[in-house]
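Listed below are the residues making up each chain.
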Amino acid sequence: MERELEQGDLGNVRLEPLEPAQHETYCKTGEQAYRDHYLHLWPEQDPAPYIRTSFTNECIARESREENTLHFMVCRGEKYIGIVKLVKFQQIRDLPQSAPMFLEKIYLLKRYTGKGYGQEILAQIESISIREGMKTLWLATMKKGFPLRFYQNHGFKIVGEQLLPFQESIPQERGMYILSKSLAKEH
């Protein structure tokens, strides 16, 4: 019964702009969602190098002062189920993009994955990006795993490759694809 309710309740998933009082919640939710999905990238399943650069109160406070950085809590009803981080005008290395929005982080707690929420969240990210005047949405995702197919099924194209930028990670797990999607309206 719970699964049926969740499946039929997609309109209840929303992105809420991060407030300073939520920094700790953002960090805890983001860290847990990351641990739920990405421990295999790290020796002894210890993602401490990534956590230190992504999910500390100091890090989020600093990023929140950056004009082009947007943080969101992913909410379902009254529950926080994930986090999103966007960066306006962040270019893809040497690939020229018109008004690019970088989807740097989209992490959902494991118990909320596979229920259709990702599609709704991605649609909201695209709407926010368009509202902010962005013309391209891009991200980097691991070469292995479900997220690559998910993004390709939602119109993203592979435009490059890179490595996870943490030397401490497991070398054979570091491969990533860079994906991009035009936000221009199709006529």
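The structure we're discussing is the one just above.
A quick note: this is a predicted structure, and the numbers were derived from the prediction, not measured.

*Asks:* Just give me the short version of the pairing of strand β7 (residues 175-182), but keep the residues and values in it.
*Replies:* Counting buried positions along β7 gives six out of eight residues, so the element sits mostly inside the fold. Bridge count for strand β5 (residues 136-142) against β7 is seven bridges, and the pairing is antiparallel. Bridging across to β7, Thr136 finds its partner in Ser182. Pairing of strand β6 (residues 157-163) with β7, which is carried by six bridges, proceeds in the antiparallel orientation. By the bridge assignment, Ile158 is partnered in β7 with Leu179.

*Asks:* I'd like a description of the sheet that holds strand β1 (residues 13-17), backed by residues and values.
*Replies:* One open sheet holds the seven strands; their spatial order is β1-β2-β3-β4-β5-β7-β6, and the pairing between them is mixed. Looking at strand neighbours, the two that pair on one side only are β1 and β6, the edges of this open sheet. Neighbour-to-neighbour, the strand axes of the sheet open up by a mean angle of 30 degrees, direction not taken into account. On top of the sheet, helix α2 (residues 23-38) reaches β2 (69-76), β3 (79-88), β4 (100-108) and β5; it is set at about 95 degrees to β3, its chief contact.

*Asks:* Tell me about the pattern of salt bridges, and please be specific about residues and values.
*Replies:* If you walk through the whole model with that rule in mind, you get 10 salt bridges. In this structure, Glu31 engages Arg35 in a salt bridge whose closest nitrogen and oxygen atoms are separated by 2.9 Å. Of this pair, Glu31 and Arg35 both sit in helix α2, separated by four residues, roughly a single helical turn. Taking the relative accessible area as the measure of exposure, Arg35 reaches 29% and is therefore partly exposed. Residue Lys143 is joined to Glu161 by a salt bridge in which the shortest nitrogen-to-oxygen separation is 2.5 Å. A residue pair is termed long-range when its members are at least 10 positions apart, and Lys143 in the loop between β5 and α6 (146-153) and Glu161 in strand β6 qualify at 18 residues. Here the salt bridges share partners, and the residues they tie into one network are Glu63, Lys85, Glu104 and Lys105.

*Asks:* Hey, could you go over the packing of aromatic side chains for me, with residue numbers and the actual values?
*Replies:* Per the counting criterion, the structure on display carries 15 aromatic pairs. When the ring of Tyr34 is compared with that of Tyr50, the centres are 4.3 Å apart and the planes differ by 20 degrees; the resulting orientation is stacked. Of this pair, Tyr34 sits in helix α2 while Tyr50 sits in helix α3 (residues 48-54), and the two are 16 residues apart along the sequence. Each member of the aromatic cluster is reached from another via a ring pair, and the members are Tyr26, Tyr34, Tyr38, Trp42, Tyr50, Phe55, Tyr107 and Phe166. The ring of Tyr177 carries Lys143 above its face, with NZ or CZ at 5.0 Å from the centroid.

The rules we used
- Per chain, residue numbering runs from 1 following the sequence as it is written.
- Given that the model is predicted, a residue must reach a pLDDT of at least 70 before its local features are reported, and side-chain atom pairs must reach 80 or more before they are shown or counted; all residues, however, enter totals for whole chains, interfaces and linings.
- Water and hydrogen atoms play no part in the side-chain values, which are based on all heavy atoms of the structure.
- Note on exposure labels: buried denotes an accessible area under 20% of the residue type's maximum, exposed denotes more than 50%, and partly exposed covers the range between, all computed with a 1.4 Å probe on protein chains only.
- A helix here means a DSSP run of H or I that spans at least four residues, while a strand means a run of E at least two residues long, and both kinds are numbered starting from the N terminus.
- Pairing between strands is defined by DSSP: at least two bridges between the two strands are required.
- Structural elements are reduced to axes, namely lines fitted to C-alpha atoms, with helices fitted over the stretch in contact, and the angle between N-to-C directions of any two is expressed from 0 to 180 degrees.
- Pairs of residues are marked as contacts when any of their non-hydrogen atoms sit within 4.5 Å.
- Any carboxyl oxygen of Asp or Glu within 4 Å of a side-chain nitrogen of Lys or Arg constitutes a salt bridge here.
- For this analysis, a ring pair means two rings from Phe, Tyr or Trp (six-membered ring only for Trp) whose centres lie within 6.5 Å, classed as stacked if their planes differ by under 30 degrees, edge-to-face if by over 60, and tilted for the remaining angles.
- In our convention, an over-ring charge means Lys NZ or Arg CZ found within 6 Å of a ring centre and within 35 degrees of that ring's normal.

These results come straight from atomic positions and should not be treated as a statement about function.
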